[in-house]
Amino acid sequence: MQLVITPEARALGIDACMAIVSGATISNKSNPLEKLKKEAVQQLQRINLEEDPVLKAYRDLHEKCGLNGVMPPSQHLLSLVQRNGRLPNINTVVDCYNLISAVTRLSIGAHDTAHLRGDLIFKLTDGHEHYIPLGETEPVAVLPGEYACMDAEKIICRMDIKQCAETRITKETREFVIYVQGNEVTVYDYLMSGLRQVCNLLVEICGGQYQIIEAAK
């Protein structure tokens, strides 16, 4: 499996790196992870959501694609922390990448490889793509000119906003890809640092091993 970023997506400032994680044991909650999440809260509450340059660049990226006022996922996580004093609990994989996403402000996604077909590709949409958002059961339309992370059959994440239903991470997941997607102000070394942070945390909490795969040139 390769990671591909089209020239049109790169022109928007999109770059990404990914890893394949195998052998992990996924559970509802981990006490050591909950401790790490709690310890991060004070730091996360100090981040200025409007002035942070990484968050602002994601908002600018959304506006370039015609979606004004859409909150980046890392900003949504930080707003929850600053409002509720805690990060949400989904499962140990999602909680690991949400923690690193909040700390780094990077957009991070994970997808079950059992439901992926072909390579992962960041490209612009033409409006005819197959996309069933997480939480839905029927396809919904996407606008042309957005960007998406796709496999050979479908959108697996619309921009960095919402992933598809088919590839969600569950306790039955045996192998998954995890990727970090940046914007025009995030240098590649910062993306790779974020990827290594989340992969090392996943191995610490869930076990298993990972292999990093850089984008095809």
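Note: the structure precedes this text.
About the thresholds
- All residue numbers here refer to positions counted from 1 along the written sequence of the relevant chain.
- Under the rules for a predicted model, residues below a pLDDT of 70 receive no local features and side-chain atom pairs below 80 are neither given nor counted, while totals for whole chains, interfaces and linings still include all residues.
- Heavy atoms throughout the structure, all of them, feed into the side-chain values; hydrogens and water do not.
- Each helix corresponds to a stretch of at least 4 residues labelled H or I by DSSP, and each strand to a stretch of at least 2 residues labelled E; elements are numbered beginning at the N terminus.
- Here's how the labels work: a residue is buried when its accessible area is under 20% of the maximum for its type, exposed when over 50%, partly exposed in between, all with a 1.4 Å probe on protein chains only.
- In what follows, residue pairs with any heavy atoms lying within 4.5 Å of each other are defined as contacts.
- The convention is simple: Lys and Arg are positive, Asp and Glu are negative, and His and the chain ends are not counted.
- Where a charge lies is defined by one atom per residue type: Lys uses NZ, Arg uses CZ, Asp uses CG and Glu uses CD.
- When a carboxyl oxygen of Asp or Glu is within 4 Å of a side-chain nitrogen of Lys or Arg, the pair counts as a salt bridge.
- Side-chain rings of Phe, Tyr and Trp (the six-membered ring for Trp) are treated as a pair once their centres are within 6.5 Å; stacked means planes under 30 degrees apart, edge-to-face means over 60, and tilted covers the remaining angles.
- Cysteine sulfur atoms are paired as a disulfide whenever they fall within 2.5 Å.
- Whether two strands pair depends on DSSP finding at least two bridges between them.
- To define a nonpolar core, start from buried Ala, Val, Leu, Ile, Met, Phe, Trp, Tyr and Cys residues and group those joined through side-chain atoms within 4.5 Å.

Caption draft 1: Molecular detail of the overall build of the protein chain. Of regular secondary structure, the protein chain possesses six helices and nine strands. Across its three principal axes, the protein chain shows a C-alpha extent of roughly 45 × 40 × 35 Å. Here the protein chain holds 217 residues, and 52% of them are scored as buried. Restricting the contact set of the protein chain to residue pairs at least 6 apart, pairs at least 24 apart contribute 76%. Charged side chains in the protein chain number 22 positive and 27 negative. The centres of these two groups are separated by 7 Å.

Caption draft 2: Up close: the environment of Cys65. By the secondary structure assignment, Cys65 is in the loop between helix H3 (53-64) and helix H4 (73-84). Judged by relative accessible area, Cys65 falls into the buried class, the value being 7%. Once the C-alpha coordinates of Cys65 and Leu124 are considered, the two residues, 59 residues apart in sequence, prove to be 9.2 Å apart. When sequence neighbours within four positions are dropped, the list of residues in contact with Cys65 reads Leu12, Gly145, Glu146, Tyr147 and Met159.

Caption draft 3: Layout of the pattern of salt bridges. Here the structure, examined in full by the defined rule, presents ten salt bridges. A salt bridge links Arg59 to Glu50; its shortest N-O distance comes to 4.0 Å.

Caption draft 4: Fine view of the packing of aromatic side chains. Per the counting criterion, the structure on display carries one aromatic pair. Relative to Tyr179, the ring of Phe122 lies with its centre 5.4 Å away and its plane at 90 degrees, an arrangement referred to as edge-to-face. On the criterion of sequence distance, the pair formed by Phe122 in strand S4 (residues 120-124) and Tyr179 in strand S8 (residues 175-181) is long-range, its members being 57 residues apart. Classification of Phe122 by relative accessible area gives buried; the value is 0%.

Caption draft 5: The arrangement of the side chain of His62 in detail. Among the secondary structure elements, His62 is positioned in helix H3. Assessed through its relative accessible area of 0%, His62 is described here as buried. Once you skip the residues sitting within four places of it in the chain, His62 turns out to touch Leu67, Val70, Met71, Pro72, Tyr147, Met159, Asp160 and Ile161.

Caption draft 6: Local environment of the state of the cysteines. A full pass over the atoms with the stated rule returns zero disulfides. The thiol of Cys65 is not disulfide-bonded; the next cysteine sulfur, from Cys157, is found 13 Å away.

Caption draft 7: Broad picture of the sheet that holds strand S1 (residues 3-5). Strand order in the open sheet formed by five strands is S1-S4-S5-S6-S7, with mixed pairing between adjacent strands. Each end of this open sheet is capped by a strand with a single partner; those strands are S1 and strand S7 (162-163). Here four bridges tie S4 to strand S5 (residues 147-150), and the two strands are oriented antiparallel to one another. Counterpart to Lys123 in the pairing with S5 is Ala148.

Caption draft 8: Broad picture of unusual backbone geometry. A positive phi angle, close to 65 degrees, is found at Arg105, a residue other than glycine. Its location among the elements puts Arg105 in the loop between helix H5 (92-104) and strand S3 (107-112). Positive phi values are uncommon outside glycine, yet Met159 reaches one of about 50 degrees. Relative to the elements of secondary structure, Met159 occurs in the loop between strand S6 (155-158) and S7.

Caption draft 9: Geometry of the nonpolar core. Val93, Phe176, Ile178, Leu195 and Leu202 are the most contacted members of the largest nonpolar core, which totals 41 residues. With nine residues, helix H6 (residues 188-206) is the largest single contributor of residues to this core. With residues up to four places along the chain from it excluded, the contact list for Leu202 reads Val21, Thr92, Val93, Cys96, Phe176, Ile178 and Gly207. Of all hydrophobic cores here, the second largest spans 29 residues; its members include Phe122, Val142, Met159 and Val177.

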